[in-house]
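Residue-level structure breakdown
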Amino acid sequence: MTRDSGLDQLLFLIDTAYDHASWHGSNLRGSLRGVTPAAASWRPGPGRHNIWELLVHAAYWKYVAWRRLTGAKRGSFELGGSNWLSRPVTATARAWAEDLALLDRTHATLREAVSALAPNTLDRPSAQKGVSRRALVTGVAAHDLYHAGQIQLLKRLAGRG
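Throughout what follows, the structure given in this document is the object of discussion. Just so it is clear, the structure is predicted and the values come from calculations on it, not from any experiment.

**What about the overall build of the protein chain?**
In terms of helices and strands, the protein chain carries six helices and zero strands. In sequence order, the protein chain lays out its α and β elements as α-α-α-α-α-α. A globule of 161 residues ought to have a C-alpha radius of gyration of about 15 Å, and the protein chain, at 16 Å, matches this closely. Dimensions along the principal axes, computed over C-alpha positions, put the protein chain at roughly 45 × 35 × 25 Å. Each of the 161 residues in the protein chain was classed as buried or not, and the buried ones make up 43%. Nonlocal contacts in the protein chain, meaning residues at least 24 apart in sequence, comprise 68% of its contacts between residues at least 6 apart. Total accessible area on the protein chain is roughly 8600 Å²; 55% of this is exposed by carbon and sulfur atoms.

**Observations concerning the pattern of salt bridges**
Evaluation of the coordinates by the stated rule reveals eight salt bridges. Its salt-bridge partner being Glu-53, residue Arg-43 comes within 2.8 Å of it at the nearest N-O pair. Of the two residues, Arg-43 is situated in the loop between helix 3 (37–41) and helix 4 (51–70) and Glu-53 in helix 4; the sequence distance between them amounts to 10 residues. Among the residues examined, Glu-53 registers a relative accessible area of 4% and is labelled buried. Ionic pairing is found between Arg-105 and Glu-78, a salt bridge with its closest N-O pair at 2.6 Å. With Arg-105 in helix 5 (residues 93–115) and Glu-78 in the loop between helix 4 and helix 5, the pair connects residues that are 27 residues apart, well separated along the chain. Take Glu-78: its relative accessible area is 48%, and that puts it in the partly exposed class.

**Observations concerning the environment of Ala-72**
Locating Ala-72 in the fold gives a position in the loop between helix 4 and helix 5. Distance from Ala-72 to Ala-108, taken between C-alpha atoms, is 16 Å for residues 36 residues apart in sequence. In this view, Ala-72 contacts Trp-66 and Arg-67; residues no more than four positions away in its chain are not counted.

**Points about the packing of helix 1 (residues 5–18) against helix 6 (residues 133–157)**
Angle between the axes and distance between the axes: these two values describe a pair of packed helices. Remark: helix 1 packs on helix 6, axes separated minimally by 8 Å, with the N-to-C direction vectors making an angle of 20°. Between helix 1 and helix 6, the crossing angle belongs to the class labelled roughly parallel. Judged by the sense of rotation from one axis to the other, the crossing of helix 1 with helix 6 is left-handed. Only Arg-134, Val-137, Thr-138, Val-140, Ala-141, Asp-144 and Leu-145 of helix 6 make contact with helix 1, whose side of the interface consists of Gly-6, Leu-10, Leu-13, Ile-14, Ala-17 and Tyr-18. Partitioned by chemical class, the residues of the contact of helix 1 with helix 6 number nine nonpolar, two polar and two charged.

**Notes on unusual backbone geometry**
For the bond running from Arg-87 to Pro-88, omega is 0°, close enough to zero to count as cis. Along the chain, Pro-88 falls in the loop between helix 4 and helix 5. For Asn-83, which is not glycine, the phi dihedral falls at a positive 55°. Inspection of the secondary structure puts Asn-83 in the loop between helix 4 and helix 5. Take Asn-83: its relative accessible area is 25%, and that puts it in the partly exposed class.

Cut-offs and rules
- Residues numbered from 1 in each chain as written.
- Predicted model: local features only at pLDDT ≥ 70, side-chain atom pairs only at ≥ 80, totals over all residues.
- Heavy atoms only, no water.
- Helix = DSSP H or I, 4+ residues; strand = E, 2+ residues; numbered from the N terminus.
- Rg over C-alpha atoms; globule rule 2.2 N^0.38 Å.
- Buried < 20%, exposed > 50% of the residue type's maximum accessible area, 1.4 Å probe, protein only.
- Contact = heavy atoms within 4.5 Å.
- Areas by Shrake-Rupley, 256 points an atom, 1.4 Å probe, with all protein chains shown as cover.
- Salt bridge = Lys/Arg side-chain N within 4 Å of Asp/Glu carboxyl O.
- Axes fitted to C-alpha atoms, helices over the stretch in contact; angles between N-to-C directions.
- Parallel < 35°, antiparallel > 145°, perpendicular 65-115°, else oblique.
- Left-handed = near helix turned anticlockwise from the far one by under 90°.
- Nonpolar A, V, L, I, M, F, W, Y, C, P; charged D, E, K, R; others polar.

See the structure below:
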């Protein structure tokens, strides 16, 4: 069975923005490679987000996109809170690894939902008013790349990248 090229393109976009080889440089997962808990928790200034918070923020919005594609109810994100969660709770290697695993799980769950879409429904509305399923998924890819760039900048500012 041949897949629909529109669906293949969406999967390609979210995969290359997340963890597959990309022509543009680091994708989201690549930007996190080798980051230590200390580097992840470094803040460029008071009230500014750190790498760790960007990671959890990206996981949260992958969850939101999944929810909007599937019609799932709010409140099932693995961590308490929404959007910008303060991180780290404890700056340990274990806590960092757990949040990296959370990001991987939310990406895999979202990817499964995208893969299960019927190709003829891509331009139908998602649960977000005025946003098609296609626009929602391409937005996830753009969001991943936006934050990958921020992470690369934070690593350089901290003298770690």
